[in-house]
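# Observations on chain architecture
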Amino acid sequence: MKRQSPQLMAVAGAMVLAMAGLMGLPSEASAKTHDVKMTALEVEIVTEGTGKKYKAWTFNGQMPGPAVRVTEGDTVNFTLENPKTNTFQHSMDFHAAEIDFLKNYRAIKPGETISYTFVAKKPGVFFYHCGAAPMIQHIARGMFGAIIVDPKDPKVWPKADREMLLVQSELWNNPDDVEAMFGRKFDNVIFNGGIWKYHPFFIGGEALEAKPNERVRIYFVNAGPNEFSSLHPIGEIWDNVYESGNPANKLVGVQTYVVGPGSAATFDLVSESPGVYPIVTHSLTAALRGAIAALTITPVAKDAPLMPLTPWNP
Ligand SMILES: [Cu+2]
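Residues numbered from 1 in each chain as written. Predicted model: local features only at pLDDT ≥ 70, side-chain atom pairs only at ≥ 80, totals over all residues. Heavy atoms only, no water.

## Some remarks on the pairing of strand β12 (residues 215-224)
Of all the ten residues making up β12, ten are buried; the element is thus mostly covered by neighbouring parts of the structure. Neither face of β12 is open: one carries R215, R217, Y219, V221 and A223, the other V216, I218, F220, N222 and G224, and all of them are buried. Relative to β12, strand β9 (residues 162-171) runs parallel, the two sharing eight bridges. For S169, the partnering residue across the bridge sits in β12 and is G224. Sheet topology note: the β12/strand β17 (residues 263-270) ladder contains eight bridges and is antiparallel. Note on β17: the bridge partner recorded for N222 is S263. (Buried < 20%, exposed > 50% of the residue type's maximum accessible area, 1.4 Å probe, protein only. Helix = DSSP H or I, 4+ residues; strand = E, 2+ residues; numbered from the N terminus. Pairing = 2+ DSSP bridges.)

## Focus on the nonpolar core
Formed by 32 residues in total, the largest nonpolar core has its most connected members in L166, F191, I218, W238, F267, I279 and L295. Other than its neighbours up to four places away in sequence, F267 contacts V216, R217, I218, F220, L231, W238, N240, V241, Y257 and V259. Counting residues in each nonpolar core, the second largest holds 27 residues, with V36, V68, Y105 and Y116 among its members. (Core = buried A, V, L, I, M, F, W, Y, C linked by side-chain atoms within 4.5 Å. Contact = heavy atoms within 4.5 Å.)

## Comments concerning unusual backbone geometry
Residue M63 is joined to P64 through a cis peptide bond whose omega torsion reads -10°. Examined against the element boundaries, P64 turns out to sit in the loop between β2 (53-59) and β3 (68-71). Along the chain, A133 connects to P134 via a cis peptide bond; the corresponding omega equals -10°. Among the structural elements, P134 can be located in the loop between β7 (124-129) and α3 (135-140). Located in the positive-phi region is R184, a residue other than glycine, with phi close to 60°. Within the fold, R184 resides in the loop between α4 (178-182) and β10 (188-191). Take R184: its relative accessible area is 47%, and that puts it in the partly exposed class.

## Remarks on the side chain of R141
Mapped onto the fold, R141 is located in the loop between α3 and β8 (144-150). According to the relative accessible area criterion, R141 is buried, its value standing at 4%. In terms of polar contacts, R141 uses its side chain to reach the backbone carbonyl oxygen of K55, at 3.0 Å. If we ignore the near neighbours within four places in the chain, the residues touching R141 are Y54, K55, A56, W57, M63, P175 and D176. (Polar contact = N/O pair within 3.5 Å; in protein donor to acceptor, adjacent residues only side chain to side chain.)

## Side note on the sheet that holds β8
Reading across from one edge, β3-β8-β7-β5 is the order of the four strands in this open sheet, with mixed pairing throughout. Strands at the two margins of the open sheet, each flanked by one partner only, are β3 and β5 (93-94).

## Side note on the environment of K122
In this structure, K122 sits in the loop between β6 (112-119) and β7. Counting along the chain gives 50 residues from K122 to E72, while the straight-line C-alpha distance between them is 5.9 Å. Aside from chain neighbours lying at most four places away, what touches K122 is E98 and V149. Among the polar contacts made by the side chain of K122, one reaches the side chain of E98 at a distance of 2.8 Å.

## Digging into the coordination of the copper ion
Distances from the copper ion to its protein donors, H90 (ND1), C130 (SG), H138 (ND1) and M143 (SD), fall within 2.1 to 2.4 Å. Bound by four donor atoms, the copper ion shows angles of 85 to 134° at the metal and therefore irregular coordination geometry. Taken in chain order, the donor set of the copper ion reads H-x39-C-x7-H-x4-M. Here M143 lies in the loop between α3 and β8 and C130 lies in the loop between β7 and α3, a separation of 13 residues in the sequence. Under the relative-accessibility criterion, C130 is labelled buried at 0%. (Donors = N, O, S within 2.8 Å, 3.2 Å for Na, K, Ca; no water. Tetrahedral: all angles 85-135°; square planar, octahedral: opposite > 155°, others 65-115°.)

## Focus on the packing of aromatic side chains
Each aromatic ring pair is specified by the distance between its two centres and by the angle formed by the two planes. Applying the stated criterion across every chain yields a total of 13 aromatic pairs. Seen from their ring centres, F94 and Y128 are 5.2 Å apart, and the 50° between their planes marks the pair as tilted. Taken together, the residues F94 in strand β5 and Y128 in strand β7 connect sequence positions 34 residues apart. Residue class for F94 comes out buried when judged on its relative accessible area of 1%. When the centroid spacing of 4.4 Å and the interplanar angle of 0° are considered together, the rings of W196 and F202 count as stacked. When its relative accessible area of 35% is taken as the criterion, F202 is described as partly exposed. One aromatic cluster is present, built from ring pairs that chain together F59, F78, F94, Y105, Y116, F118 and Y128. In this structure, R217 is placed above the aromatic ring of W157, and the distance from its NZ or CZ to the ring centre is 3.9 Å. (Phe/Tyr/Trp six-rings, centres within 6.5 Å; stacked < 30°, edge-to-face > 60°. Lys NZ or Arg CZ within 6 Å of the ring centre and 35° of its normal.)

By themselves, these are just geometric observations and shouldn't be taken as functional.
Put into structure tokens, the structure is as follows:
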């Protein structure tokens with residue numbers, strides 16, 4: 001067989017790539033595979049700046065569970081372990097996945113492990129949660145979190161200068177009172193698992209920070225289990241709101257946006273003037289029981305993790 005010259009091979013290769021580009025074929029080479037493993041842990045966690053503890057059920061011992069971040073088109077190989085030291089069944093339901101619920105989201109007993117694979121086909125910010133019965137209790141006690149699916153083409157929306165992830169949920173003093181959960185008799189509504197976590201007037205509370213004119217992108221998930229969030233930045237207007245965090249679902253100049261339980265949205269805020277802009281759910285029975293996050297706009301704003309979990313030590 002006649003050997004092709006390296007130059008000819010290179011030209012042929014370039015032609016194939018050019019053809020693929022002309023035909024609009026996606027570049028599969030850029031899609032990644034992520035192995036995500038979580039462990040269901042029934043543990044005590046700190047939910048207040050005073051150090052007060054709560055008998056939670058968690059993913060990886062934290063409420064919310066760890067933030068998962070992938071890009072549109074990526075594959076997620078997910079594994080949930082329910083260690084035999086636990087007492088209850090647990091499961092995992094990813095709203096970013098489009099797969100069979102019966103097979104993949106079934107509850108597993110202590111000592112068991114479940115794995116499944118999904119492709120994150122749609123960009124956005126999505127809820128994840130345990131769905132074991134009674135689901136209202138498994139979510140109320142802390143088994144929830146967020147997965148961000150970044151758009152494949154970052155140019156589909158303005159670049160963010162700063163990003164934050166906020167997960168709202170209701171908290172009951174008695175984690176065993178399922179009747180109070182059905183009756184919506186929550187004691188607190190919280191952001192990222194802490195009562196007044198981002199309110200500097202309370203012990204252990206620390207404001208979120210950003211610089212003037214920065215585009216602050218807030219990925220927001222409402223874990224519920226029951227209450228709607230009516231998210232509003234006091235003293236400001238959302239520049240953009242993206243339903244489910246999908247750049248195609250763009251709203252402009254929004255004062256307040258409702259995010260139902262089990263839903264999510266991405267909020268962009270650009271503030272020109274230094275000051276304090278509290279981010280609240282305008283459902284006041286919730287805001288006044290813990291769901292106020294102070295956002296301080298200051299030229300000396302510090303960098304912070306995507307989801308500042310505990311300003312206080314656990
Ligand atoms: Cu669970």
